[in-house]
Amino acid sequence: MDISLKVFRYNPEAGRTKPAYDTYLLNGVDPTDRILDLLEEVKDYHDGTLSFRRSCAHGVCGSDAMRINGVNRLACKALVQDLNSNSITVEPILGLKVIKDLIVDMKPFFDSYKSVMPFMINDDIPEDGKERLQSIADRERFDDTTKCILCAACTTSCPTFWSDDKYVGPAAIVNAHRFIFDTRDQAAEERLNILNDESGVFRCRTAFNCTEACPREIHVTQAVAEVKQAIVSGVIK
Amino acid sequence: MTTTVRKIKKQSNFEITSWKWMRYSAVALLPLVWIHVLIKDVIVGVHNIDTFYVRDIWAIWGWKVYDILLLAFTFAHGVNGLRNVSMDFFHSEKARKIVDWGLIVLWVLVSGIGALAIIAGARPEMLV
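Because the structure is predicted, anything quoted here is derived from the model rather than measured. (Residues numbered from 1 in each chain as written. Chains lettered and ligands numbered in written order. Predicted model: local features only at pLDDT ≥ 70, side-chain atom pairs only at ≥ 80, totals over all residues. Heavy atoms only, no water.)

Focus: the domain arrangement of chain A
Residue and element names in this part refer to chain A. Rule in force here: By convention here, the domain bounds are inherited from an automatic or database domain assignment. We call two residues in contact when some of their heavy atoms are within 4.5 Å. By buried area we mean the combined loss of accessible area, with a 1.4 Å probe, across both parts when two parts are placed together.
Taken domain by domain, chain A holds domain 1 (3-104) and domain 2 (107-233). Here the C-alpha centre of domain 2 lies 29 Å away from the C-alpha centre of domain 1. If you look at the interface, domain 1 gives 12 residues, while domain 2 gives 14 residues. When the two sides are added together, the surface that domain 1 and domain 2 hide from each other amounts to roughly 1,000 Å², 63% of it contributed by carbon and sulfur. It is N72, L94 and L96 that lose the most area in domain 1 upon contact with domain 2, and together they represent 45% of the buried surface on that side.

In structure tokens, the structure reads:
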């Protein structure tokens, strides 16, 4: 099949200081090709200056989140046949400063992530001196939020984040949830205090964009609601 | 299988109060609005409502209280929603404080004037 691939271009280093779209006509595209394959083809055979992030190319590293036909997806997971169109538009994710073509500045995103202390905090010595045991039910409680790959698809699909980059964003809340609901962790209260802020969890307006955008199918909005509930009730269960 | 329940110190600040208010006022609004719609739109009918009807209904203190509550709750719910939306446009702490206080004053003024009008009641004979 033939595909018309429209790509957002902005490259101040090469003198393209004005954002614009370039369209590439790609012939013989297989419906099972990924959008990443199309971008690779453009880079290899049409325009070597096209810039985008990619690493594992298998939906694990989270490098290649981009807006594909208006929806945040991973370019390595989105297949041409999934889009039901011969015309495909690829743009950088919203709400973060574009550095070059499809590459955005991820620093504000990772600053928010770091702000919730996304690591295990427990200064006690385990009973057997080796490991902290946990029941199956307690481990399952936060299983969903362990799946996050920090691709930023959720945060950059959030209307609150688009208008206010101080908002901590769904990805940071999901990663806070992963530790808040982990019975082995001892800093839940501290994390909830951080999220109980003007730029914290209560800025979420339950738009559900994050849940729809997540390539790992994490129930993001539910995780955000559970964090809100824990703050309001003072109970983590 | 049950999970371990842990308790933490209950927190309280303006954001929590505002978030709770949105939920509680919404619950309160359900019966207030639906009873209002049922009576005015279905049972009485909007075309049968005139100043004489308003005079008669506001002669009863229960309906006066009901309408004041309806006005205050609905407007507070809306104003709080507006506050949330305004945060998308006002990013500095100072600007947000000004907007917050402005909206609180607006709520007090509109609810106060509305309450006064309801308490004063309707006098259709003045219109003749």
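Next comes the rest of the description.
Examining the packing of helix α8 (residues 220-233) of chain A against helix α1 (residues 14-44) of chain B
Working note: a packed helix pair is described by the angle between its axes plus the distance between those axes. Quick reminder of the rule: Note on geometry: axes are lines fitted to C-alpha atoms, helical ones only across the stretch in contact, with angles between N-to-C directions running from 0 to 180 degrees. Going along the chain from the N terminus, every DSSP run of H or I of four or more residues is numbered as a helix, and every run of E of two or more is numbered as a strand. Angle categories are assigned with fixed cut-offs, so that under 35 degrees is roughly parallel, over 145 is roughly antiparallel, 65 to 115 is roughly perpendicular, and the rest are oblique. Under the grouping applied here, Gly and all other residues not named as nonpolar or charged are polar, the nonpolar ones being Ala, Val, Leu, Ile, Met, Phe, Trp, Tyr, Cys and Pro and the charged ones Asp, Glu, Lys and Arg.
Taken N-terminus to C-terminus, the directions of α8(A) and α1(B) make an angle of 110°; their axes are 11 Å apart at the nearest point. Relative to α1(B), the element α8(A) is oriented roughly perpendicular. Across the interface between the two elements, A:K228, A:Q229, A:I231 and A:V232 of α8(A) pack against B:I16, B:W19 and B:K20 of α1(B). Grouping the amino acids of the contact of α8(A) with α1(B) by side-chain chemistry returns four nonpolar, one polar and two charged.

A short note on the interface of chain B and chain A
Counted only if it meets this: The salt bridge criterion pairs a side-chain nitrogen of Lys or Arg with a carboxyl oxygen of Asp or Glu, the two atoms within 4 Å. Under this definition, polar contacts are N or O atom pairs within 3.5 Å; protein pairs additionally need one hydrogen-donor-capable and one acceptor-capable atom, and for neighbouring residues in sequence, both atoms have to be side-chain atoms.
Tallying the contact residues gives 22 residues for chain B and 34 residues for chain A. Here chain B and chain A share four salt bridges between them. The residue B:R96 makes a salt bridge to A:D164 at a minimum N-O spacing of 2.8 Å. Counting the contacts that link chain B with chain A gives 12 residue pairs in polar contact (both at pLDDT 80 or more).

Describing the nonpolar core
Nonpolar side chains tend toward joint burial in soluble globular proteins. Spelled out, the test is: Each nonpolar core is a collection of buried residues, namely Ala, Val, Leu, Ile, Met, Phe, Trp, Tyr and Cys, held together in the definition by side-chain atoms within 4.5 Å. When a residue's accessible area, from a 1.4 Å probe over protein chains only, is under 20% of the maximum for its type it is buried; when over 50% it is exposed; and in between it is partly exposed.
Core analysis: the largest hydrophobic core is formed by 73 residues, its most contacted members being A:L5, A:I35, A:I88 and A:L195. For this core, the element with the most residues is α8(A), which contributes seven residues. When residues of this core are sorted by domain, at least three fall in each of domain 1 (3-104) and domain 2 (107-233) of chain A. Dropping the residues within four chain positions of it, A:I88 is found in contact with A:I3, A:S4, A:L5, A:K6, A:I35, A:L38, A:I68, A:N69, A:V80 and A:L83. In this structure, B:I39, B:Y53, B:I57 and B:W58 belong to the second largest nonpolar core, which totals five residues.

Observations concerning the pattern of salt bridges
Enumeration over the complete set of coordinates arrives at 23 salt bridges over all chains. We note a salt bridge from A:D143 to A:R139, for which the minimum N-O separation is 2.9 Å. You can call A:D143 partly exposed: its relative accessible area is 36%. The class of A:R139 is partly exposed, set by a relative accessible area of 32%. B:R55 is paired through a salt bridge with B:D56; the nearest N and O atoms lie 3.2 Å apart.

Focus on the pairing of strand β3 (residues 65-68) of chain A
All names here are of chain A. Rules: By the convention used here, strands pair only if DSSP detects at least 2 bridges between them.
The two faces of β3 match: A65 and R67 on one face and M66 and I68 on the other face are all buried. Relative to strand β4 (residues 71-74), β3 runs antiparallel, the two sharing four bridges. Bridge assignment links I68 to a residue of β4, and that residue is V71. Between the end of β3 and the start of β4, which pair antiparallel, lie two residues, with N69 showing a positive phi angle near 50°.

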